[in-house]
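One letter stands for each residue in the lines below.
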Amino acid sequence: MKKILYKSKAIERIILILAAVILVSLWPIRIFHETVTASVESTSGMMTEKVDNDHTILQSFVAQYDHMSTIDLYLEQGTVGESFYVRLLNEAQVMIAEEEVKIDQDKLPGYVRVLIDVDMEVGQLYHLIVQGNDSEVFLGCEMIYMTDLPYAGEMYYDSSTVEGVNLAADYNYSVPLRKGKVVLFGGLTVLLAALLIAGCRVYYRKTGRDKLITVERVVKCVGNPIVAVFTVVCLAAVLMGACSKYMLDNTFFFISVLLLAMILFYAINHNRNGQPPVFTMEYLKSHFQDLLQSVCIAGAIGGCCEYMAGLYDIHHAMAERKEMLWFALAIIVMFKWKEIFNLYNLVYVIGAGIAGCFYYQNQVALLAEKTIKEAEIPWKLQVIRHTTLIGILLGLILIRTVIGLVKKKLSRLDFVYAGLMLVFFAAIIIFRNGRWWTVVMAVSFTLFYLNYGMWEHRGRFLVNVCRGIILQFMLATGYALLHRPYTTYRTARYPHIFHTVTTTAAYLTIVECAAFVILLAKFRKSRKLKDTWKELLLFGVVNAYMLFTMARTGFLAVGVTGIFAIIVMSGGKGREKLANIGKTVGIMALAVIVCFPVTFTVQRTVPTLVSDPYMYEIEDFRDDTLRGRKLNSVDCMRVGRFIDLFADKIFDIPAGTFDLYGEIAEYERTHSDSGEEESGAIDTAIDIPGVLETQEFVASADYVPEEPSEEESDYTNGRLDIFRSYIEQLNMTGHEGMGALLKDGSIATHAHNIYLQAAYDHGIPVGILFVLVGLVTFIKACIYYNRKKDKITYAAMPAVVTISVAAAGMVEWIFHLSHPCGLILMLVISPLVFCEGQSYE
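For the structure given in this document, a descriptive report is provided here. (Residues numbered from 1 in each chain as written. Predicted model: local features only at pLDDT ≥ 70, side-chain atom pairs only at ≥ 80, totals over all residues. Heavy atoms only, no water.)

1. A closer look at the packing of helix α7 (residues 313-332) against helix α12 (residues 437-453)
Here's step 1: For the pair α7 and α12, interaxial distance at closest approach is 10 Å and the crossing angle is 20 degrees. Relative to α12, the element α7 lies roughly parallel. For the crossing formed where α7 meets α12, the hand is left-handed. Contacts between α7 and α12 involve Met-324, Phe-327 and Ile-331 on the former and, on the latter, Val-440, Ser-444, Phe-445, Phe-448 and Asn-451.
Here's step 2: When grouped by side-chain class, the residues that make up the contact of α7 with α12 number 6 nonpolar, 2 polar and no charged. (Axes fitted to C-alpha atoms, helices over the stretch in contact; angles between N-to-C directions. Helix = DSSP H or I, 4+ residues; strand = E, 2+ residues; numbered from the N terminus. Parallel < 35°, antiparallel > 145°, perpendicular 65-115°, else oblique. Left-handed = near helix turned anticlockwise from the far one by under 90°. Contact = heavy atoms within 4.5 Å. Nonpolar A, V, L, I, M, F, W, Y, C, P; charged D, E, K, R; others polar.)

2. Some words on helix α22 (residues 764-788)
Here's step 1: Between its first and last C-alpha atoms α22 spans 36 Å; for 25 residues at 1.5 Å apiece the expected length is 36 Å, and the two agree.
Here's step 2: Among the residues of α22, Val-766, Gly-767, Leu-769, Phe-770, Val-773, Thr-777, Lys-780, Ala-781, Tyr-784, Tyr-785 and Lys-788 are the ones counted as buried.
Here's step 3: Among the structural elements, α11 (415-430), α13 (461-483), α16 (552-569), α21 (754-762) and α23 (797-808) are those in contact with the buried residues of α22. (Expected span 1.5 Å × (residues − 1). Buried < 20%, exposed > 50% of the residue type's maximum accessible area, 1.4 Å probe, protein only.)

3. Observations regarding the sheet that holds strand β8 (residues 125-132)
Here's step 1: On the basis of which strands lie adjacent, the open sheet formed by 6 strands has the order β6-β5-β8-β3-β10-β11 and antiparallel pairing. A strand with exactly one partner marks an edge of an open sheet, and here the two such strands are β6 (95-102) and β11 (160-162). Direction aside, the axes of adjacent strands within the sheet are offset by 25 degrees on average.
Here's step 2: In terms of strand pairing, strand β3 (residues 56-62) meets strand β10 (residues 152-157) through 4 bridges, oriented antiparallel. Bridging from a neighbouring strand, Gln-59 pairs with Met-155 of β10. (Pairing = 2+ DSSP bridges.)

4. Some remarks on the packing of aromatic side chains
Centre-to-centre distance and the angle between the planes together describe a pair of aromatic rings.
Here's step 1: One pass over the structure, following the stated rule, counts 43 aromatic pairs.
Here's step 2: With a centroid separation of 4.9 Å and an interplanar angle of 55 degrees, the aromatic rings of Tyr-486 and Tyr-494 are classed as tilted.
Here's step 3: Here Tyr-494 falls in the buried class, since its relative accessible area comes to 1%.
Here's step 4: Ring geometry for Phe-516 against Phe-539: centres 5.1 Å apart, planes inclined by 70 degrees, an arrangement best described as edge-to-face. One end of the pair, Phe-516, is in helix α14 (residues 501-523); the other, Phe-539, is in helix α15 (residues 529-549), and 23 residues separate them in sequence. Like Phe-516, the residue Phe-539 is buried in the burial classification.
Here's step 5: One Lys or Arg, Arg-87, reaches over the ring of Tyr-85 and ends 4.5 Å from the middle of that ring.
Here's step 6: One residue, Arg-432, lies across the ring of Trp-436, its end atom 4.8 Å from the ring centre. (Phe/Tyr/Trp six-rings, centres within 6.5 Å; stacked < 30°, edge-to-face > 60°. Lys NZ or Arg CZ within 6 Å of the ring centre and 35° of its normal.)

5. Section: the packing of α21 against α22
Two quantities define a packed helix pair, namely the angle between the axes and the distance from one axis to the other.
Here's step 1: Interaxial distance between α21 and α22 falls to 6 Å at its minimum, and their mutual angle equals 145 degrees. Once α21 is placed against α22, the crossing between them reads as right-handed. Contacts between α21 and α22 involve Ile-754, Tyr-755, Ala-758, Ala-759 and His-762 on the former and, on the latter, Ile-764, Val-766, Gly-767, Phe-770 and Val-771.
Here's step 2: Taken together, the residues of the contact of α21 with α22 break down into 8 nonpolar, 2 polar and no charged.

6. Some details on a positive patch on the surface
Here's step 1: There is a patch of like positive charges on the surface, built from Lys-7, Arg-209, Lys-211 and Arg-217.
Here's step 2: Mapped onto the secondary structure, Lys-211 falls in the loop between α2 (179-207) and β14 (212-214). (Patch = residues over 30% accessible without salt bridge, like charges linked within 9 Å, V, L, I, M, F, W, Y side chains within 5 Å. Areas by Shrake-Rupley, 256 points an atom, 1.4 Å probe, with all protein chains shown as cover. Salt bridge = Lys/Arg side-chain N within 4 Å of Asp/Glu carboxyl O. Lys, Arg positive; Asp, Glu negative; His and termini not counted. Charge placed at Lys NZ, Arg CZ, Asp CG, Glu CD.)

7. Digging into the side chain of Arg-638
Here's step 1: Here Arg-638 shows up in the loop between α17 (575-610) and α18 (639-651).
Here's step 2: In this structure Arg-638 comes out as buried when scored by relative accessible area, which is 1%.
Here's step 3: Of note is the side chain of Arg-638, whose polar atom sits 3.2 Å from the side chain of Asp-249.
Here's step 4: Polar contacts involving the side chain of Arg-638 include one to the main-chain carbonyl oxygen of Asn-632, which spans 2.9 Å.
Here's step 5: With sequence-adjacent residues up to four places away left out, Arg-638 is seen in contact with Cys-243, Ser-244, Lys-245, Tyr-246, Asp-249, Thr-488, Phe-600, Arg-604, Leu-631, Asn-632, Ser-633 and Glu-663. (Polar contact = N/O pair within 3.5 Å; in protein donor to acceptor, adjacent residues only side chain to side chain.)

Here it is, written out as structure tokens:
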């Protein structure tokens, strides 16, 4: 930031950056869109029969593009009433959009616009249904020839086909700018940038006013006006009621905008004196391996997240292979260049490549002989492809490992701890009871530990792990901001990139470990805001998302982890240590207080504005916030709803106590127990041969009320009964399935406890060994931190993660190769296997 350059050069670079942003937004990101309309024009004055509560029109059509923004329907004279319903069904007869359309008598006859805003599959058949809402509607229609309009389908009045007739309508599709316009606007952008740069050079050459300026000054000159304009626009939008109609919400959002502006202005303008640049070319060259390993670890964690979010076995199979592919790369980046690029590796890669091709072709041929669903075929092919690549990389890792062991490159082992881990690996393999993930874990991490022990930069490893965790969290949160809406009822306990909040809380627990260690390690060096603001911001955002889950199990794990980390990592002795602990807790609390409203407002706003939601199959609902960028919809997360639900879930204060505006009462009045919307839902049977069979037009969301059931009235949510069932069924050799028989005759999904699950899966002796490994790991991690805290950056990570997994594992099943907690735990204990460490360079 202190680098000096001429003012003209700074302006030129700003112009180039802006031009590059515009060009990238044109292609390949393709942010800018245009409207393409497929029309059936109203020319003859024909109209349909009366459409009311009992009589409906269904118009089928074939999607021409992949996103429909609106449909314009032509209303004829004689239409009476205040509104009518328009519903859109996909080819599978699932309703994907529903709109209540207002009738403006002053604009009849004429077109009325219906918001759709849904993605479509090109070439698939869709069904548009029009139904009255205590109204009588007459729609324009036209005689058509299918050869002239290939996208047109059949039209039905009630159950009868209306031959050769289609509704008069404009089907408006939103598509990215097409090639011609991309080239045109891209060319204009390049030309304008060139003219501006040329003008800049001519001006400063003639005037001679070109002065030296720092990069920091440039950032301030450009950044401050942008933030100021952004702040004013956001505050105006809040004051105008664009985000909510409630005073509580708008007050909260107003404060959030001010806090965000404060953070942005501080980031731009804070004093940087004495602060070295974060990244330099020299740093990138000397730490290239470390940065690559962080990326690979982030990729492996991403695979774990996909595994935990998977709904089908094929999803799990694919996620496991993604994880192991990245894991293998994380090992390979510890190799020296000459250990990768050499003659024997070249010979091996050629041979392995040929063998891999034969394996791939053979597996594809076997796949063709099986009877599987067509939708699974691409997934199966990806699984085979990833398996082949993993096999080839495994060979490279084995070659280097054997050569390294022969050349005695391995660092000195801690034989007690390494031996204990070896016994544990052997036990979970011998008593695997049909499980293969235990074998993969044992083999993978044995190879990882051996190669770690031969790496010359072992002292940097924990930094790489923390960076990988944070990088993956940032990418996942970016995805959530774009595609995972924060809704008032269906996702009021926000699941982030997952579909259950318990999984989200477990994932965030491991992110919290990194956030705690990074912040507390920085506090050991400086408590000045200019040195710690980025770490405080990270800590506040991570904790905000944890609060969104309202998961007591997550709060328990984070509470135990935080107390341990703060006590252990706070400097000083006696009263000084107590004072440092108090200051640390106060600063951390303030960081969360500042970041929570900002994170809440951003998360409930951005996905709604982007309007490109990703919903899991089990999240089948159609709240207003998912279509049409309706920020002020009651379905977009509310402050009052958060307060009420948080009080219910965390403090057992009955739901509705803080229902400040009657939102929850209204929701419960208008929705059934399953969450199906009752207002405006009219049962209509339409018998369309070959298309639909008795379709009931009601909102089909699988909503489960937030209130706990009688079985979940205890604070453990029924876990004590599950624990008893598992304890009663323990044996010495374990079980093939992971679910115990519960008292009600059902089979548990898992034990909600890693210690019971280990004993149930592998037998009581292995369960005892698992507990012993955990205790020894914790003790060894604490000793490691005490010895290396002044030499190894983030040396507390093994101890913090161990205590976190131990606490979270009391109430959740999180020890698995493809669970983020299990993966990170096995990674961070790598230094404990050896007797020596190196300082971070």
